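Architecture at a glance
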Amino acid sequence: MKQKKQNRLNLIPIIECIILCGRQELALRGHRDSGPINVGEAEPYINEGNFRAILKYKAKDMVDFKNFLECESRYKYTSPNIQNEVISSCGDLILDKIVKEVTVAKCFSVLVDETTDVSVKEQLTLCIRYVVGSGKDVCLSEKFLKYIEINSFTGKDIGSTIINGLNSCGIDCNNMYGQGYDGTANMAGRFKGTQTVVRESYPKALYVHCAAHSLNLAVSVACGIQAIRNCLGVLEKILDTKSKSLKHLCATRWVERYIAVNDFVELFPFVVVALEHIISEWNDTTSTDAKMLHKAMDSEFIISLQVIKLLFSYGLPLCKLLQKVDIDLKEAVDLAEASITTLQNVCENIGEEFKKLFREAEKMADVLDISISMKRLNKRCINRANPDINNPEEYYRVTIAIPYIDSFVQQLNERFLCHKNIFKGFHSLFTGSYSDDFGEIIQFYLDTNEQTVLSELHLWRAILKKNEEDPKNSLEALRLCKQELFPNIHRLLLILCTLPVSTATPERTFSCLKRLKSYQRSTMTETRLNDLTMLAVHKEVSLTADEVINELAKKPRKLNFVL
């Protein structure tokens, strides 16, 4: 027994080192990862890897562990095979804890996205969204499960991959109530898309288009107005530099677009000076490009830039909030409607708002040593706006500001229509009034009498009104709703909380994928990649060396450490 205990004590620092490297996304191995470990000897620097280096550092203050590493025994549990086993055990333990939480929740949504890794393999990232806790301690959780390498992008194959992936993790797909993907045809298609394939097996798994993608699409389409499109094109060329101050116009992250535009406006005088310096001092094609960009910064460009900055600033809060984990469908719809109302008010009072923009544009024009002027009017002009207006301020207000804001409002209404339709049935949970849509979700989700649910609804709203409590979102409502008193209302609120809003969590795992499967570790297997990602992503999931030892002990070992 004493020897078993000592073996276990010697194994704990080894496992802790592996967990530490995994949590910090560090590579374990180095140039020389074999041979004896000499803790006390002064030797020239050799890249033995992070794992062996940390072991030697820990052993300096642990006499028994130092003797264990330097002894002549063959079984020291530091080989690459043991490292792989420990990493695999860590991944299995974390996954098992997540699956237990999902099983207790009895309701989850699947979140999926796809990317290409450094080895040019298509990786499907599988995540889930569910509610954790009970009573007033409930909170929303979105967790990564695994990467799955895919070779086919048809809706049928991706749908089968998702279902098989969930089953392989030990998750009961009968508890799936939502699907969160982007809006591509193979994922969102009504006939052969992934969401349709999944719903054929699990009809209650409602598909919700990623709200963050909807916003990005609304911005992209609205920017199709000629003056705005030309302005962004010139801006992208100017920002195509290695400057540490200016940022690129990110194609996917809309928040970064606002930051890039805002920084450009603030640093505009310095940008002009830089372009003029390149034009006068450089003697290659860069000088020609700089001259073309300098000439492209005319009155229309400056006005468009100010209008873009204004519109992006109004959409920025919505973009940020849509990427939060604890946002629900009610809050997303409310935020979208608030943004639409605000922009409509801006459009109605565009005269006063545009005057401010025009004054700022005149300051930028002074830097370029030009004055704000109109485009040449032509009765036969068909390629751009050509109103019979002689005032530059009024001309650009009519031709750029109003059409751009109107287009953006229209796109927001269209893109968030599906989210509003999905939430329509749940709206009665917050108003207490009955509607046909509420009757439909009762029949769809609950296997109970409709009158029973309506009685619960009226009593639930009466108690909230008496206590003067008005929940802002479904999560707040779920905290107030007692399951033993309102089982059906609680179930509907749980489903509403679980329904996906955005696929920001799957996209965040892509950053981890790039750090783990780098150029130097491009041959990493799928199993090892998944286990390392579990360690790196789920830092909040507790994991002890004793748990890993107990997991390793399930297989026969030559070094006995089972107490």
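Refer to the structure above for everything that follows.
Computed from a predicted model, the values in this text were never measured in an experiment.

1. As for the overall build of the chain
- Of the regular secondary structure elements, the chain holds 25 helices and 5 strands.
- By its C-alpha atoms, the chain is 95 × 80 × 45 Å across when sized along the principal axes.
- Taking all 563 residues of the chain together, 49% fall into the buried category.
- Summarising the internal contacts of the chain: among those between residues at least 6 apart in sequence, 69% fall at separations of at least 24.
- Surface exposure of the chain reaches about 28200 Å², of which carbon and sulfur atoms provide 51%.
- Mean positive and mean negative side-chain charge positions of the chain (71 and 71 charges, respectively) differ by 4 Å.

2. Quick look at the environment of Ser79
- With respect to the element layout, Ser79 can be found in the loop between α3 (63-70) and α4 (80-105).
- Placed 45 residues apart in sequence, Ser79 and Ser34 show a C-alpha to C-alpha distance of 7.4 Å.

3. Thoughts on helix α9 (residues 226-239)
- For α9, which comprises 14 residues, the first-to-last C-alpha distance of 20 Å matches the rise-based estimate of 20 Å (1.5 Å per residue) to within 8%.
- The set of residues buried in α9 consists of Ala227, Ile228, Cys231, Leu232, Val234, Leu235, Ile238 and Leu239. One face of α9 carries all of its buried residues, which in axial projection span an arc of 165 degrees.

4. Looking at the packing of aromatic side chains
- Evaluation of the coordinates by the stated rule reveals 11 aromatic pairs.
- Relative to Tyr445, the ring of Tyr177 has its centre 6.0 Å away and its plane inclined at 40 degrees; by these criteria the two rings are tilted. One end of the pair, Tyr177, is in strand β4 (residues 176-181); the other, Tyr445, is in helix α19 (residues 436-445), and 268 residues separate them in sequence. Grouping residues by exposure puts Tyr177 and Tyr445 together as buried.
- With 6.4 Å between their ring centres and 85 degrees between their planes, Phe264 and Phe301 make a pair best called edge-to-face. With Phe264 in helix α10 (residues 254-266) and Phe301 in helix α13 (residues 299-321), the pair connects residues that are 37 residues apart, well separated along the chain.

5. A short note on the environment of Phe264
- The class of Phe264 is buried, set by a relative accessible area of 0%.
- Along the primary structure Phe264 and Ile238 are separated by 26 residues, whereas in three dimensions their C-alpha atoms are 9.4 Å apart.

6. Quick word on the pairing of strand β2 (residues 122-132)
- Most of β2 is tucked away, with 9 of its 11 residues classed as buried.
- Hairpin geometry of strand β1 (residues 108-116) and β2 is characterised by an intervening segment of 5 residues between the two adjacent antiparallel strands and by a positive phi of about 60 degrees at Val120.
- Direction of pairing for β2 relative to strand β3 (residues 139-150): antiparallel, over a ladder of 11 bridges. Paired with Leu126 across the two strands is Lys146, which belongs to β3.
- Here β2 folds back onto β3, and the loop between the two strands holds 6 residues, one of which, Gly133, carries a positive phi near 90 degrees.

7. Some thoughts on the side chain of Asp117
- Topologically, Asp117 is positioned in the loop between β1 and β2.
- Polar side-chain contacts of Asp117 include one of 2.9 Å to the backbone nitrogen of Lys121.

8. Structural notes on the side chain of Thr196
- Inspection of the secondary structure puts Thr196 in helix α7 (residues 194-201).
- Here the side chain of Thr196 touches Arg190 through a polar contact of 3.0 Å, landing on its backbone oxygen.
- Ignoring anything within four residues of it in the chain, the contact list for Thr196 reads Gly189, Arg190 and Phe191.

9. As for the state of the cysteines
- Counted by the stated rule, this structure contains 0 disulfides.
- No disulfide involves Cys127; its nearest neighbouring cysteine sulfur is the one of Cys169, lying 11 Å away.
- A relative accessible area of 0% places Cys127 in the buried class.
- Looking at Cys347, it has no disulfide partner, and the nearest cysteine sulfur is the one in Cys223, 16 Å off.

10. Examining the sheet that holds strand β5 (residues 206-209)
- Spatially, β3-β2-β1-β4-β5 is the arrangement adopted by the 5 strands of the open sheet, whose pairing is mixed. Of all strands in the sheet, those with a lone pairing partner are β3 and β5, marking the two edges. Ignoring strand direction, the axes of neighbouring strands in this sheet form an average angle of 25 degrees.
- Bridge count for β1 against β2 is 9 bridges, and the pairing is antiparallel. Counted as the bridge partner of Asp113 is Thr125 from β2.
- Its contacts with the sheet place α4 against β1, β2 and β3, and it is angled at close to 50 degrees to β2.
- Its contacts with the sheet place α7 against β4 and β5, and it is angled at close to 170 degrees to β4.

Rules of the game
- Residues numbered from 1 in each chain as written.
- Predicted model: local features only at pLDDT ≥ 70, side-chain atom pairs only at ≥ 80, totals over all residues.
- Heavy atoms only, no water.
- Helix = DSSP H or I, 4+ residues; strand = E, 2+ residues; numbered from the N terminus.
- Buried < 20%, exposed > 50% of the residue type's maximum accessible area, 1.4 Å probe, protein only.
- Contact = heavy atoms within 4.5 Å.
- Areas by Shrake-Rupley, 256 points an atom, 1.4 Å probe, with all protein chains shown as cover.
- Lys, Arg positive; Asp, Glu negative; His and termini not counted.
- Charge placed at Lys NZ, Arg CZ, Asp CG, Glu CD.
- Expected span 1.5 Å × (residues − 1).
- Arc of directions from axis to C-beta.
- Phe/Tyr/Trp six-rings, centres within 6.5 Å; stacked < 30°, edge-to-face > 60°.
- Pairing = 2+ DSSP bridges.
- Polar contact = N/O pair within 3.5 Å; in protein donor to acceptor, adjacent residues only side chain to side chain.
- Disulfide = S-S within 2.5 Å.
- Axes fitted to C-alpha atoms, helices over the stretch in contact; angles between N-to-C directions.

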